[in-house]
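# Observations on the model geometry
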Amino acid sequence: MPNLKNPSPPADGYRGRFAPSPTGPLHAGSLVAALGSWLDARKNHGKWLLRMEDLDAPRCISGADQEILRQLLACGLTWDEEPTWQSQHQGRYKKALERLNQLQIIYPCTCSRQDIANTLETRGVMTPRNQEMVYPGTCRPHPISAFDEVERLATEVAWRLALPPGLTIHFEDLALGQQTQDLNREVGDFVLHRRDGIFTYQLAVVVDDAEQKITHIVRGADLLNNTARQIYLQKTLGYETPSYLHLPLVLDEHGEKLSKQTLASAIRTENAQQALQELRKAARHLGLRDLPDGKETSIAQWLLAATQAWDRKITSS
Ligand code: GLU
Ligand code: ZN
């Protein structure tokens, strides 16, 4: 009788991924996530997959996906299976949403951001700047029943996941150690499908990581706060939970996360010397020291040395 509590690792072993949003070319911050996840996969003799998270069409920039592929190749960060685009997998997300509907744990919400802010204000709840508002549950029916055809009803409403009370998620980050989040207090019923008809990152990332049998998620620490939500969704949908490792963020001179919103500039990869320069910067950020720095070092040699030197723990020290 197999032990169901401790399933053996999947037969094909480690499967990692890099999942950029094609809202612009790679910048120093996204290269750190690419390099960290690539090194962790290579060190563990695993596969490294590439997934374009292009569901939020209004934020995507045409051609950015191709530019990201070119930049990765210029840096020698090669992938092992055909890259995928989330925009081509709408059916998967729809199915997952329908499944949650059958479980009677989603409901439509018509609140605008301003409505939510007003409700929170009347309840005396202050949301710190840069933090998401915790949804106060205004539209949540008691009890929730299954809605027929979520898709047909999905105009002008957002679909939210109803969290059970007392939902605290614990997980171990491979670099940062034990993490805990009280989802009701810190997040609230979160959106899976937006009013404008777009499936959210939270739902899509969980469905695709399961679909692609990802075993290890290595990504920037800006996403740490999303992990508990994703683990809860995995459990609800009956998926396995992968291992997580969050990498230190690259901050600009104002202490803000580098992002396309803060107009972070693209990494330079016109020639091998430039690409190697960018890789060296990203590696220093990951805590890797003493890598070959001679002019005659090739990208392939350098990546081999970096893979040998890669150590999950040093990324957090
Ligand atoms: N697409 C997300 C981003 O670029 C990353 C998703 C993930 O790694 O989970 O921020
Ligand atoms: Zn609402």
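See the structure above.
Residues numbered from 1 in each chain as written. Chains lettered and ligands numbered in written order. Predicted model: local features only at pLDDT ≥ 70, side-chain atom pairs only at ≥ 80, totals over all residues. Heavy atoms only, no water.

### Quick look at the pattern of salt bridges
In this structure the tally under the stated criterion is 19 salt bridges. Among the ionic pairs, Asp-209 bridges to Arg-51, the shortest N-O distance being 3.0 Å. With Asp-209 in helix 7 (residues 201-211) and Arg-51 in strand 2 (residues 47-52), this residue pair connects regions lying 158 residues apart in the sequence. Take Asp-209 and Arg-51: they sit in the same class, and that class is buried. (Salt bridge = Lys/Arg side-chain N within 4 Å of Asp/Glu carboxyl O. Helix = DSSP H or I, 4+ residues; strand = E, 2+ residues; numbered from the N terminus. Buried < 20%, exposed > 50% of the residue type's maximum accessible area, 1.4 Å probe, protein only.)

### What to know about the site of ligand 1
Around ligand 1, the surrounding shell consists of Arg-17, Ala-19, Pro-20, Ser-21, Glu-53, Tyr-201, Val-205, Arg-219 and Leu-223. Between Glu-53 and ligand 1, the recorded distance is 2.7 Å, taken from a side-chain N or O atom to a nitrogen atom. One of the side-chain nitrogen or oxygen atoms of Tyr-201 is found 2.8 Å away from an oxygen atom of ligand 1. In isolation ligand 1 offers 300 Å² of accessible surface; the protein chains occlude 80% of this area. Its residues assigned to classes, the shell around ligand 1 comprises five nonpolar, one polar and three charged. (Near = heavy atom within 4 Å. Polar contact = N/O pair within 3.5 Å; in protein donor to acceptor, adjacent residues only side chain to side chain. Areas by Shrake-Rupley, 256 points an atom, 1.4 Å probe, with all protein chains shown as cover. Nonpolar A, V, L, I, M, F, W, Y, C, P; charged D, E, K, R; others polar.)

### A closer look at the packing of aromatic side chains
This model, assessed by the stated rule, comprises four aromatic pairs. Judged by centre distance (6.1 Å) and plane angle (5 degrees), the rings of Phe-18 and Trp-48 are stacked. Taken together, the residues Phe-18 in strand 1 (residues 15-18) and Trp-48 in strand 2 connect sequence positions 30 residues apart. Neither Phe-18 nor Trp-48 differs from the other in exposure class; each is buried. Between the NZ or CZ atom of Arg-160 and the centre of the ring of Tyr-135, over which it lies, the distance is 3.6 Å. Residue placement shows Arg-229 over the ring face of Phe-190; its charged tip is 5.9 Å from the ring centre. (Phe/Tyr/Trp six-rings, centres within 6.5 Å; stacked < 30°, edge-to-face > 60°. Lys NZ or Arg CZ within 6 Å of the ring centre and 35° of its normal.)

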